[in-house]
Structure formats: C-alpha cells, structure tokens
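Architecture at a glance
Listed below, chain by chain, are the residues.
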Amino acid sequence: MVGAGGIARTFLELLAPFRARTVVVRRRPAPVPGAGRVVTAEHLRAELARADVVVLAAALTGSTRALIGATELAATKRGAVLVNIARGALVDTDALVAALASGHLGAAALDVTDPEPLPDGHPLWDLPTALVTPHTPDTPEMVDPLLRRRVTENLRRFVAGDDLTGVVDPVAGY
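All values derive from a computational prediction rather than experimental measurement.

This next bit is on the overall build of the protein. The helix and strand tally for the protein stands at 6 helices and 6 strands. Moving toward the C terminus, one meets the helices and strands of the protein in the order α-β-β-α-β-α-β-α-β-α-β-α. If one aligns the C-alpha atoms of the protein with their principal axes, the spans along those axes are about 55 × 35 × 35 Å. Burial status across the protein gives 34% buried among its 174 residues.

Here it is as structure tokens:
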C-alpha cells in the first residue's frame, strides 16, 4: 500500500479479515493501524519487488507525480497486480501500458487514469489485463453528513483545546 491516509486505512480495515500481509510505504515511518509493516518511500522499489499486489492510495503532490514509472514497474515482481484508487497521475501511463503489454505486470485495476477520462482508442481499453472502472466521486448525499460530523467534531476539539482532525499541511501538499 502506497500512502497512509483515510483511503489506505479504510482499505487496511477491509483486508483485516483476510489476514493479508500488508506493508505501507509512506513519507514518515510512523505506525499505521492494520499495517504489518511501515517503511518510508526510499524503500518503495524494494517493496515493489516483493509485493503480489500494489495498491496506490497516496496523495498527488509534486513528489508523487509519476511515482510509478518505467523504473518502478521494472522493479515490480513479475506478474504482480497494480491497483490505483488514488490519482491517475501517480502512474506514468505509457510505462504502465508497456509493462502490461510485455506481460511483466500481471494486471492493473484502475479507478483513476491519466488522462481522465481515458479517451476512446487509448491502448488501456484494448489490454485484457487492464480493468478500468469509472471514477465516480462521492455524491453530496455521502459528503454532507460526513462534513457535518467533521465540523462538529473539530468544533468540540477546538473548544476543548485538543488537536483538530483532517488538518491540511500546505508543505506536504495535502
């Protein structure tokens, strides 16, 4: 799992009943609930070489754009599956197409692509090892109650003098 935000943590919770061996790759070595191990981004290629499935759930920043390119895909274990549930631009799409076409990468499941939407005639549409799903963001019916809960909780924390949740770090870019 590349990334350790809300999507990654929820995914780790969903994996728990399956007793999957999980490794989270992130900027900081801080523990992540549900992760078997946590390593920093400098160990990404080593972890790619070991992983059967690589799940991208990282934020898109200047340092993560094309995080998975030709070099990283070549380092990936032969036959591995890449799943991108974060941002399309985390992956160099041309390098992904080449890795799938060569058979080095076993498959890719992509909820997001670069470009998005994926244009008619793009090679990913014709690769039997590429699964492209429609990136459908949260609806207002989903977001409104969650936002209300976040605001209510942060107001309670603010009044109590506690740290707020969901604080954006402008330096990190998310």
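Across 4 bridges, strand 3 (residues 53–56) lies against strand 4 (residues 81–84) in parallel orientation. The partner of valine 53 across the bridge, within strand 4, is valine 81. Following the chain from strand 3 across helix 3 (residues 70–75) to the adjacent parallel strand 4, one finds a crossover that is right-handed.

Our next topic: a nonpolar patch on the surface. On the surface, a cluster of nonpolar side chains totalling about 560 Å² of accessible area is made up of Leu155, Phe158, Val159, Leu164 and Val167. If you trace the backbone, leucine 155 turns up in helix 6 (residues 140–160).

Strand order across the open sheet formed by 4 strands is 3-4-5-6, with parallel pairing between neighbours. Two strands bound the open sheet, and with one partner strand each, they are strand 3 and strand 6 (130–132). Strand after strand, the sheet turns through a mean of 10 degrees between neighbouring axes, direction not considered. Here helix 4 (residues 93–102) sits on the sheet and contacts strand 4, strand 5 (107–110) and strand 6; the angle it forms with strand 5, its principal contact strand, is near 140 degrees.

With that settled, consider helix 4. Listing the buried residues of helix 4 in full gives Thr93, Ala95, Leu96, Val97, Ala99 and Leu100. Residue aspartate 92 occupies the N-cap position of helix 4, its side-chain oxygen lying 3.1 Å from the main-chain nitrogen of aspartate 94. Where helix 4 terminates, the next one or two residues include glycine 103, which has phi positive at roughly 90 degrees.

Moving on: the pattern of salt bridges. Throughout the structure, instances matching the rule amount to 6 salt bridges. Measuring nitrogen to oxygen at the nearest pair gives 2.9 Å for the salt bridge that ties glutamate 47 to arginine 50. With a gap of 3 residues between them, glutamate 47 and arginine 50 both fall in helix 2 (residues 44–50), about one helical turn apart. Judged by its relative accessible area of 52%, arginine 50 is exposed. Among the salt bridges present, the one from arginine 157 reaches glutamate 153, with a minimum N-O distance of 2.9 Å.

Analysis parameters
- Residues numbered from 1 in each chain as written.
- Predicted model: local features only at pLDDT ≥ 70, side-chain atom pairs only at ≥ 80, totals over all residues.
- Heavy atoms only, no water.
- Helix = DSSP H or I, 4+ residues; strand = E, 2+ residues; numbered from the N terminus.
- Buried < 20%, exposed > 50% of the residue type's maximum accessible area, 1.4 Å probe, protein only.
- Pairing = 2+ DSSP bridges.
- Right-handed = clockwise from strand over helix to strand, strands pointing away.
- Patch = residues over 30% accessible without salt bridge, like charges linked within 9 Å, V, L, I, M, F, W, Y side chains within 5 Å.
- Areas by Shrake-Rupley, 256 points an atom, 1.4 Å probe, with all protein chains shown as cover.
- Salt bridge = Lys/Arg side-chain N within 4 Å of Asp/Glu carboxyl O.
- Axes fitted to C-alpha atoms, helices over the stretch in contact; angles between N-to-C directions.
- Contact = heavy atoms within 4.5 Å.
- Polar contact = N/O pair within 3.5 Å; in protein donor to acceptor, adjacent residues only side chain to side chain.

In short, the description is geometric, and any link to function would need to be established separately.
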